[in-house]
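Remarks on the overall topology
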Amino acid sequence: MTVTLGPLALPGQLLVIFATIILGSAIGNRVATARGVKAEGSLWLIIAGGVIVARIAFVARYWSLYAQEPWRLADLRDGGLAPIAGFTAAVVIGAILAWRRTDQRAAIVSAVWAGLFIWIGGNGLLRLATDTQTLPEVTLKDLDGRAVPLSAFAGKPMVVNLWASWCPPCRREMPALGKAQREASDLNFVFVNQGEDSATVRAYMKGEGLPLRNVVLDPGGELAKAAGAPGLPTTLFFDAKGILVDKRMGEVSSATLAEHLAVLRGRR
């Protein structure tokens, strides 16, 4: 689930992580202030440790892909985190600090427990708030101008990428998507260009050496409207029954794409 806040669109789980960090630390600081102590350093150590471990665990899971793109290791913009590993690390660090820093114990324990309840409650609310979305009934055009309904690509789980050649993150993620299309015979990848003509799209693919299949045009942005995509790139993941099971706003790396594909394959 993606949550839109004004001009921002964030994955729902990422929003829950932010809420857990912000509200948990705020509660911990409130308890510390009431007791006349300062616990900001301890709380930030817990947060930093949790985030670092969450990142390390995710990178370890997809190390073969990061080894091919080492510049992405420190780039958290791809959203590559393992939340359970991170939260477990935060709890362990919090327990150690609470044992060693007795004057801050109440603040640390309060922050960790508050974070736990916010994490569990936030994810529960996300599941309740997620509506079932089906494959939009839109008609697109192929590069020769023929009408093609999006449903023509159904039958297998689908990865539908909304992109444009003028969009820098779209261009950066396209090699990873193209490679996945070539390797994943069990999935249908559809590249839906937003607002450009066939000559522009052909020139872009030729210039970048991208042998993409299932490239179609959406001149009026109808799919973006139907899917509630506020910006580019947006990637939609539909199961074989045409049910939306995952959604990514923003650029994907090879690793985060692999994570989304694992979710999709688990929902055949």
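Residues numbered from 1 in each chain as written. Predicted model: local features only at pLDDT ≥ 70, side-chain atom pairs only at ≥ 80, totals over all residues. Heavy atoms only, no water.

What follows concerns the sheet that holds strand β7 (residues 215-218). An order of β4-β3-β7-β6-β5-β8-β9 is seen for the 7 strands of this open sheet, with the pairing classed as mixed. The sheet is open, and its two edges are formed by β4 (147-149) and β9 (244-249), each paired on a single side. Across the sheet, the axes of successive neighbouring strands diverge by a mean angle of 30°, strand direction being ignored. Judged from the 2 bridges that link them, strand β3 (residues 139-142) and β7 form a sheet pairing that is antiparallel. The residue of β7 that forms the bridge with lysine 141 is leucine 217. This element, helix α7 (residues 198-208), spans β5 (158-163), β6 (188-194) and β7 of the sheet and lies at about 145° to β7. (Pairing = 2+ DSSP bridges. Helix = DSSP H or I, 4+ residues; strand = E, 2+ residues; numbered from the N terminus. Axes fitted to C-alpha atoms, helices over the stretch in contact; angles between N-to-C directions. Contact = heavy atoms within 4.5 Å.)

Our focus in this paragraph is the pattern of salt bridges. Pairing of side chains with opposite charge becomes possible as their charged atoms draw close. The tally for this structure, following the rule as stated, stands at 10 salt bridges. Between arginine 72 and glutamate 69 there is a salt bridge, with the nearest N and O atoms lying 3.5 Å from each other. For the residue pair arginine 72 and glutamate 69, the accessibility class agrees, reading buried in each case. Between glutamate 222 and lysine 225 there is a salt bridge, with the nearest N and O atoms lying 3.6 Å from each other. Here lysine 225 and glutamate 222 lie together in helix α8 (residues 222-227), a separation of 3 residues that amounts to about one turn. Under the relative-accessibility criterion, lysine 225 is labelled exposed at 61%. (Salt bridge = Lys/Arg side-chain N within 4 Å of Asp/Glu carboxyl O. Buried < 20%, exposed > 50% of the residue type's maximum accessible area, 1.4 Å probe, protein only.)

Let's shift gears to the packing of helix α6 (residues 168-183) against helix α9 (residues 254-265). Their axes nearest at 9 Å, the elements α6 and α9 cross at an angle of 45°. In terms of orientation, α6 lies oblique with respect to α9. Here α6 runs over α9; the crossing is right-handed. Packed against α6, whose contacting residues are Ala176, Leu177 and Ala180, the element α9 presents Ser254, Leu257 and Leu261 at the interface. Split into classes, the residues belonging to the contact of α6 with α9 amount to 5 nonpolar, 1 polar and no charged. (Parallel < 35°, antiparallel > 145°, perpendicular 65-115°, else oblique. Left-handed = near helix turned anticlockwise from the far one by under 90°. Nonpolar A, V, L, I, M, F, W, Y, C, P; charged D, E, K, R; others polar.)

Overall, the prediction assigns the protein chain a mean pLDDT of 89, with 93% of residues at 70 or greater. When the criterion is pLDDT under 50, residues 1-9 qualifies, and its contacts beyond four places in sequence or with other chains add up to 23 contacts. (pLDDT = per-residue confidence, 0-100.)

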